[in-house]
Amino acid sequence: MTGTVKGVAVRPPGARRPDRVESAHAVDGHGFDGDIHAGALSPRQLLLIDAAVYDAFSLPPHVLGENLLVDVDTASLRSGSVLQVGDGVRLRMMFQCEACGQLDAVQRGLARRIGPRRGMLARVLSGGAIRDGDTVRDLGVLEPAWSDDWRERVRRVLDAVPEGRALEYRQLARLAGVQSSYCRAFPRVIAGFGPHYAGKAVPAQSSDTLERWDGLGLFDRA
């Protein structure tokens, strides 16, 4: 699969939407320099969206919050695949972005209608400048895959918690790539995984004395 970058955008902290730029600097293992979603422990450093989605739903620019607008069908991208953008930037595809109810504030019924075309979230493997017009090439599945199901991602993160340590709910949400509002569902979901998972994730106000784990190494290659 080969395509082209049709737009580059960076959302500074505090901004409501991304600002279109001629080029942005992708930092290894971090995201776009200056972007609100950049962070070494985030599975959603960049959001890629198929440019055709904007035409299909008559949407105003950047309302979906993408970093990269591409002429590639992002719904067909597989988790674990690596895209090369331009001469050397490599992006690891993580999972499809969930079409949440917040989209309905943009356009009535949009969350239901957009479905799997919401976009693909990615991490930066190899950084560099990304510009309008850069080529996009799918190098195939080169990295471990992550599930589109947020519950399975939660389980995966919990499986990585070192023995004798615990993960706070807010950090669990970040590592699993979900909003902090999902923390309310964690006790029920984790209990459903079975007794082995008890105590691996705790609320911030927990009185237990286990050392907290931040997730370092979670996204390293298997």
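See the structure shown above.
In this text the structure is predicted, and so the values were computed from the model without any measurement. (Residues numbered from 1 in each chain as written. Predicted model: local features only at pLDDT ≥ 70, side-chain atom pairs only at ≥ 80, totals over all residues. Heavy atoms only, no water.)

## What about the sheet that holds strand S4 (residues 31-32)?
Now for step 1: Read from one edge of the open sheet, 3 strands run S4-S3-S10, paired in antiparallel fashion. Two strands lie at the open edges of the sheet, namely S4 and strand S10 (128-131), each paired on one side alone.
Now for step 2: As defined by bridge partners, strand S3 (residues 23-27) adjoins S10 across 4 bridges and the pair is classed as antiparallel. Paired with Ala26 across the bridge in S10 is Gly128. (Pairing = 2+ DSSP bridges. Helix = DSSP H or I, 4+ residues; strand = E, 2+ residues; numbered from the N terminus.)

## Describing the environment of Gly115
Now for step 1: Locating Gly115 in the fold gives a position in the loop between helix H2 (110-114) and strand S9 (120-126).
Now for step 2: A relative accessible area of 24% places Gly115 in the partly exposed class.
Now for step 3: When the C-alpha atoms of Gly115 and Glu98 are compared, they prove to be 8.1 Å apart, with 17 residues separating the residues in sequence. (Buried < 20%, exposed > 50% of the residue type's maximum accessible area, 1.4 Å probe, protein only.)

## Observations regarding the pattern of salt bridges
Now for step 1: Applying the stated criterion across every chain yields a total of 6 salt bridges.
Now for step 2: In this structure, Arg155 and Glu152 form a salt bridge, with 3.6 Å as the shortest nitrogen-oxygen distance. Remark: Glu152 and Arg155 occur in helix H3 (residues 150-159); sequence separation between them is 3 residues, near one turn of the helix.
Now for step 3: Between Glu168 and Arg212 there is a salt bridge, with the nearest N and O atoms lying 3.4 Å from each other. With a gap of 44 residues between them, Glu168 in strand S12 (residues 165-168) and Arg212 in strand S14 (residues 211-212) connect regions that are remote in the sequence.
Now for step 4: Owing to a relative accessible area of 26%, Arg212 belongs among the partly exposed residues under this scheme. (Salt bridge = Lys/Arg side-chain N within 4 Å of Asp/Glu carboxyl O.)

## Topic: the nonpolar core
Now for step 1: Within the largest apolar cluster, 44 residues are counted, with the highest numbers of intra-cluster contacts made by Leu64, Val157, Leu158, Leu172 and Phe186.
Now for step 2: Listed by contribution, the elements that provide at least two residues to this core are strand S5 (46-50), helix H1 (52-56), strand S8 (89-96), H2, H3, helix H4 (169-176) and helix H5 (186-193).
Now for step 3: The dominant element in this core, judged by the number of residues it contributes, is H4, at 5 residues.
Now for step 4: Of all hydrophobic cores here, the second largest spans 22 residues; its members include Leu68, Leu91, Ile130 and Val136. (Core = buried A, V, L, I, M, F, W, Y, C linked by side-chain atoms within 4.5 Å.)

## Some words on the packing of aromatic side chains
Now for step 1: Taken as a whole and judged by the stated rule, the model has 4 aromatic pairs.
Now for step 2: Taken together, a centroid distance of 5.3 Å and an interplanar angle of 35° make the contact between Trp146 and Phe219 tilted. With Trp146 in the loop between strand S11 (135-141) and H3 and Phe219 in the segment after S14, this residue pair connects regions lying 73 residues apart in the sequence. An identical accessibility class is assigned to Trp146 and Phe219; each is buried.
Now for step 3: Ring geometry for Tyr169 versus Phe186: centroids 5.7 Å apart, planes at 75°, classification edge-to-face. Note that Tyr169 is positioned in helix H4 and Phe186 in helix H5, a separation of 17 residues in sequence.
Now for step 4: Residue Tyr169 is classed as buried on the basis of its relative accessible area, which comes to 15%.
Now for step 5: Above the plane of the ring of Phe95 lies Arg153, whose end atom (NZ or CZ) is 3.6 Å from the centre. (Phe/Tyr/Trp six-rings, centres within 6.5 Å; stacked < 30°, edge-to-face > 60°. Lys NZ or Arg CZ within 6 Å of the ring centre and 35° of its normal.)

## Regarding H3
Now for step 1: Buried within H3 are the following residues: Trp150, Arg153, Val154, Val157 and Leu158. Taken around the axis of H3, the buried residues stretch over an arc of 140°, which confines them to a single face.
Now for step 2: For H3, the elements touching its buried residues are S8, S12, H4, H5 and strand S13 (201-202).
Now for step 3: In this structure Asp149 caps H3, since a side-chain oxygen of it lies 2.9 Å from the backbone nitrogen of Arg151. (Arc of directions from axis to C-beta. Contact = heavy atoms within 4.5 Å. Polar contact = N/O pair within 3.5 Å; in protein donor to acceptor, adjacent residues only side chain to side chain.)

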